[in-house]
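Chain residues, written in single-letter form:
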Amino acid sequence: MRINDHQPLLPYLAAEDRYDHMPFRKCGQSGLKLPAISLGLWHNFGHNADFKNARSILRTGFDLGITHFDLANNYGPPYGSAEETFGRIMQKDFAVYRDELIISSKAGWDMWPGPYGNFGSRKYLIASCDQSLKRMGLEYVDIFYHHRPDPETPLEETMGALDHLVRQGKALYVGISQYSAADTAKAAKILKELGTPCLIHQPRYSMFDRWVENGLLEVLEKEGIGAIAFSPLEQGILSDKYLNGIPKDSRAAKDGRYLTAKQITPEVLNKVQKLNELAKKRGQSLAQMAIAWLLKDPRITTVLVGVSKPEQLKENVAAAQNVVFSKEELDKIQKILN
Ligand SMILES: NC(=O)c1ccc[n+]([C@@H]2O[C@H](COP(=O)([O-])OP(=O)(O)OC[C@H]3O[C@@H](n4cnc5c(N)ncnc54)[C@H](OP(=O)(O)O)[C@@H]3O)[C@@H](O)[C@H]2O)c1
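For the structure given in this document, a descriptive report is provided here. All of these numbers come straight from a predicted model, not from anything done at the bench.

Turning our attention to the nonpolar core. Grouped together as the largest cluster of nonpolar side chains are 89 residues, with contacts concentrated most on Ile 143, Ile 291 and Val 303. Top contributing element to this core by residue count: helix H9 (residues 286-295), with nine residues. If near-sequence neighbours (up to four positions away) are discounted, Val 303 is found in contact with Ala 36, Ile 37, Ala 229, Pro 232, Ile 291, Leu 294 and Leu 295.

All right, on to the sheet that holds strand S8 (residues 198-202) then. Within the closed barrel, the eight strands sit side by side as S3-S4-S5-S6-S7-S8-S9-S10. Their pairing is parallel. Pairwise comparison of adjacent strand axes, ignoring direction, gives a mean angle of 30° for this sheet. Relative to strand S5 (residues 102-107), strand S4 (residues 68-70) runs parallel, the two being bridged by three bridges. If you follow Phe 69 over to S5, its bridge partner there is Ile 103. Relative to S8, helix H5 (residues 181-194) is tilted by about 160°, and along the sheet it contacts strand S7 (171-177) and S8.

Moving on, we get to the site of the ligand. The immediate surroundings of the ligand are formed by 29 residues, with Gly 40, Trp 42, Phe 230, Gly 236 and Gly 306 found nearest. Of all the secondary structure elements, the ones that give two or more residues to the shell around the ligand are strand S10 (302-305) and helix H10 (310-317). Here the shell around the ligand takes three residues from H10, the largest share from any one element. For the shell around the ligand, a count of residues per class yields nine nonpolar, 15 polar and five charged.

What counts as what
Residues numbered from 1 in each chain as written. Predicted model: local features only at pLDDT ≥ 70, side-chain atom pairs only at ≥ 80, totals over all residues. Core = buried A, V, L, I, M, F, W, Y, C linked by C-beta atoms within 7 Å. Buried ≥ 20, exposed ≤ 12 C-beta atoms within 10 Å, placed from the backbone. Helix = DSSP H or I, 4+ residues; strand = E, 2+ residues; numbered from the N terminus. Contact = placed C-beta atoms within 7 Å. Pairing = 2+ DSSP bridges. Axes fitted to C-alpha atoms, helices over the stretch in contact; angles between N-to-C directions. Near = placed C-beta within 6 Å. Nonpolar A, V, L, I, M, F, W, Y, C, P; charged D, E, K, R; others polar.

In structure tokens form, the structure reads like this:
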């Protein structure tokens with residue numbers, strides 16, 4: 001496969017064979033297909049990040065068939081800056097490829113001061129989507145999400161705001177994130193009645209966090225909603241990187257907002273070590289096995305990875321080439337995770 005020589009100052013021409021290897025999966029019962037691996041811009045795209053590296057990651061992803069980039073209003077730091085960085089790269093490298101891309105953003109977490117910059121009101125969602133479009137220099141996003149459930153706002157109001165954004169032409173599809181199975185069923189019903197079906201649910205899902213298996217996946221299948229699993233590597237824990245200490249350039253060492261060295265306990269590492277041995281026997285790295293383990297379930301449309309380097313993305317994308325597990329392998333994994 002030809003990967004572009006990513007000299008950041010050279011003009012970008014996407015790899016001609018970018019659709020030759022990546023499997024695409026139908027998102028629920030919609031007409032939209034998503035790549036088995038999608039790329040999230042939560043970390044490594046803020047104003048604190050290296051712009052050339054960020055650009056190289058996106059180029060590498062698109063060259064490998066990743067057509068879906070996932071953002072949110074508050075990705076950074078500071079809030080909004082990942083969308084700004086993405087907007088700059090979009091303009092420089094991807095403007096001619098806009099129709100080959102599925103770009104998402106979200107609102108739901110704290111974004112600006114006061115009562116209208118958080119949670120799920122119509123006021124917040126519509127203003128936030130407008131801001132995201134400006135930061136990214138886009139006319140529309142492909143998917144707009146409500147980022148988390150809001151216990152205080154009626155679901156009808158929040159879903160009504162998503163429907164409104166589609167009718168305004170600012171979003172093509174809508175989704176929800178981190179909603180429980182029961183709330184997902186309610187949201188799906190409201191959206192269906194409004195005529196804007198829920199395209200996709202974005203839950204946290206990995207070998208180490210399996211809450212979606214307690215009802216959510218069943219609801220998604222019944223309602224024809226796709227699933228995009230975030231933090232599939234538990235922010236990097238489900239790889240071999242922490243087996244010999246905390247590398248200086250790792251998220252646990254250098255970020256500390258969402259992953260700290262304290263979370264990487266001997267008990268966790270013991271499981272990671274055993275999983276790593278099993279992955280080797282499958283001919284995969286542990287990161288690849290962790291991604292493949294999610295993709296073995298056809299209800300998972302796509303796995304949403306984050307990376308700090310283009311090389312990690314190359315490794316992760318290769319996971320999609322082997323997502324079949326024997327019963328024996330699955331039993332062994334289950335035993336390690338118990
Ligand atoms: N909806 C929500 O509420 C929500 C919440 C969180 C995230 N998300 C979405 O999900 C995306 C992914 O989340 P995440 O970044 O936590 O995902 P993740 O894939 O679990 O972790 C990504 C991190 O793992 C490390 N890594 C990746 N590939 C590796 C490899 N092959 N070998 C070793 N280490 C590797 C890198 O960290 P190092 O810096 O250590 O190299 C990378 O930044 C986000 O960007 C965002 O789009 C959504």
